[in-house]
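Residue strings, one per chain:
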Amino acid sequence: MILGAGDRSSAGNSFDPRPVLIVTGLVQEARIAAGPGLTVICSSSDPKQLRVLLAGFDPTTIRGVVSFGVAGGLDPKLKSGDIVVATEVMAGDRRWLTALEFSEELLAGIGIGGRRVIRGGLAGAEKVIGARAAKAALHSETGAAAVDMESHIAAAYADKSGLPFAALRVISDPASRALPTLVSTAIKPNGDIDVAKVLRGIARNPATIKALVSTGIDFNRALRSLRGCRGLMLDVGGLVTADL
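What counts and what doesn't
Residues numbered from 1 in each chain as written. Predicted model: local features only at pLDDT ≥ 70, side-chain atom pairs only at ≥ 80, totals over all residues. Heavy atoms only, no water. Helix = DSSP H or I, 4+ residues; strand = E, 2+ residues; numbered from the N terminus. Buried < 20%, exposed > 50% of the residue type's maximum accessible area, 1.4 Å probe, protein only. Contact = heavy atoms within 4.5 Å. Areas by Shrake-Rupley, 256 points an atom, 1.4 Å probe, with all protein chains shown as cover. Pairing = 2+ DSSP bridges. Polar contact = N/O pair within 3.5 Å; in protein donor to acceptor, adjacent residues only side chain to side chain. Salt bridge = Lys/Arg side-chain N within 4 Å of Asp/Glu carboxyl O.

Asker: Quick rundown of the overall build of the chain? Include the residues and the values.
Answerer: Helix and strand counts for the chain come out as eight helices and nine strands. With 244 residues in all, the chain has 50% of them scored as buried. Across the chain, the fraction of contacts at a sequence separation of at least 24, relative to all contacts at a separation of at least 6, is 78%. Element-wise, carbon and sulfur atoms account for 57% of the exposed surface of the chain, whose accessible area totals about 11000 Å².

Encoded structure:
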């Protein structure tokens, strides 16, 4: 799914009028990100689909790439709702440094209200890393603060296209909490949650209700925090014009 949001600019504007590409995994993230000066891609948490979308996307139509959304926590100190501003993204033996800076003033502002903002690495994964042991192992191996399934693909695309890249991710499931398998398997191709599939899973295994409720609380907290980060997309590295 691609959401185009226009690229209007004033006649005397010295900034590049092209939009910034925002890469997300879930439709909820895409809806938060969408707005003037930004073009949003939603992968539906499917790395293969994201690669297909980016393969058909013309890099000359944008001026930068930002990975934006929720992530799984790897650093045990981080809680749901905490914000990770990536310094680098790593996947396997590949590593990409971020080249765009978010406004320090705005970063300080989004930390108000108990949300922690840190700078750290993001690990890229081709499948959901949901088990506590798997999160601990990945943290030990990479030192990354969080993991998601889009940032490494977005970083590789930006690098190949010669575009600047940044990533901002909010912790949804912290390192101390296992993500129920049902959550990762109930995402529709359009990025929506398949509620019927969730209900069928609960009917088969009622014991999952407690874990699903906790996961839902964490996810909603992460989305609220992500909405508070929305303004950063308009000020990343001076890429987006101030009059949008």
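Here the narrative resumes, following the displayed structure.
Asker: Account for the side chain of E150, naming residues and giving values.
Answerer: Position of E150 among the secondary structure elements: in the loop between β8 (146–148) and α5 (151–161). Of the residues examined, E150 reaches a relative accessible area of 4% and is grouped as buried. Filtering out sequence-adjacent residues up to four positions away, E150 remains in contact with V23, T24, G25, S43, S45, L50, S67 and R169.

Asker: Give me the pairing of strand β4 (residues 65–73): which residues, what numbers.
Answerer: The buried count for β4 comes to nine of nine residues, which makes it a mostly enclosed element. Where β4 lies against strand β9 (residues 165–173), eight bridges are found, and the strand directions are parallel. Across the sheet, the residue bridging to G69 is R169, located in β9.

Asker: Describe unusual backbone geometry, listing the residues and the values that go with them.
Answerer: Positive phi values are uncommon outside glycine, yet S44 reaches one of about 60 degrees. Residue placement: S44 occurs in the loop between β3 (38–42) and α2 (47–55). Residue S44 is classed as buried on the basis of its relative accessible area, which comes to 7%. For S45, which is not glycine, the phi torsion reads 55 degrees and is therefore positive.

Asker: Give a detailed account of the pairing of strand β2 (residues 20–24), specifying residues and quantitative values.
Answerer: With respect to burial, β2 is a largely interior element, five of its five residues being buried. Side chains V20, I22 and T24 of β2 all project onto a buried face; the interleaved residues L21 and V23 project onto the opposite face, where all are buried too. In the sheet, β2 pairs with β3 via five bridges, with the strands oriented parallel. Within β3, the residue paired with V23 across the bridge is I41.

Asker: Could you give an account of the environment of G35, with specific residues and numbers?
Answerer: With respect to the secondary-structure elements, G35 resides in the loop between α1 (27–33) and β3. Residue G35 is classed as buried on the basis of its relative accessible area, which comes to 11%. In this structure the C-alpha to C-alpha distance between G35 and M233, which are 198 residues apart in sequence, comes to 9.5 Å.

Asker: For the environment of R230, give the residues involved together with the corresponding values.
Answerer: The residue R230 is located in the segment after α8 (208–228) in this model. Residue class for R230 comes out buried when judged on its relative accessible area of 16%. Considering only alpha carbons, one finds R230 and I110, 120 residues apart in sequence, at a separation of 9.7 Å. At 3.0 Å, the side chain of R230 forms a polar contact with the backbone oxygen of I32. Side-chain polar atoms of R230 contact the backbone oxygen of A34, separated by 3.2 Å.

Asker: How would you summarise the pattern of salt bridges if you had to cite specific residues and measurements?
Answerer: Enumeration according to the criterion identifies eight salt bridges in this entry. Across the pair R51 and E126 runs a salt bridge, and its minimum N-O distance is 2.9 Å. With R51 in helix α2 and E126 in the loop between β7 (117–124) and α4 (132–142), the pair connects residues that are 75 residues apart, well separated along the chain. Owing to a relative accessible area of 37%, R51 belongs among the partly exposed residues under this scheme. Taking relative accessible area as the criterion, E126 reaches 44% and is therefore assigned partly exposed. Close ionic contact of K135 with D173 constitutes a salt bridge, the shortest N to O distance being 2.6 Å. In this pair, K135 sits in helix α4 while D173 sits in strand β9, placing the two residues 38 residues apart along the sequence. Look at D173 and you get buried, because its relative accessible area is 8%.

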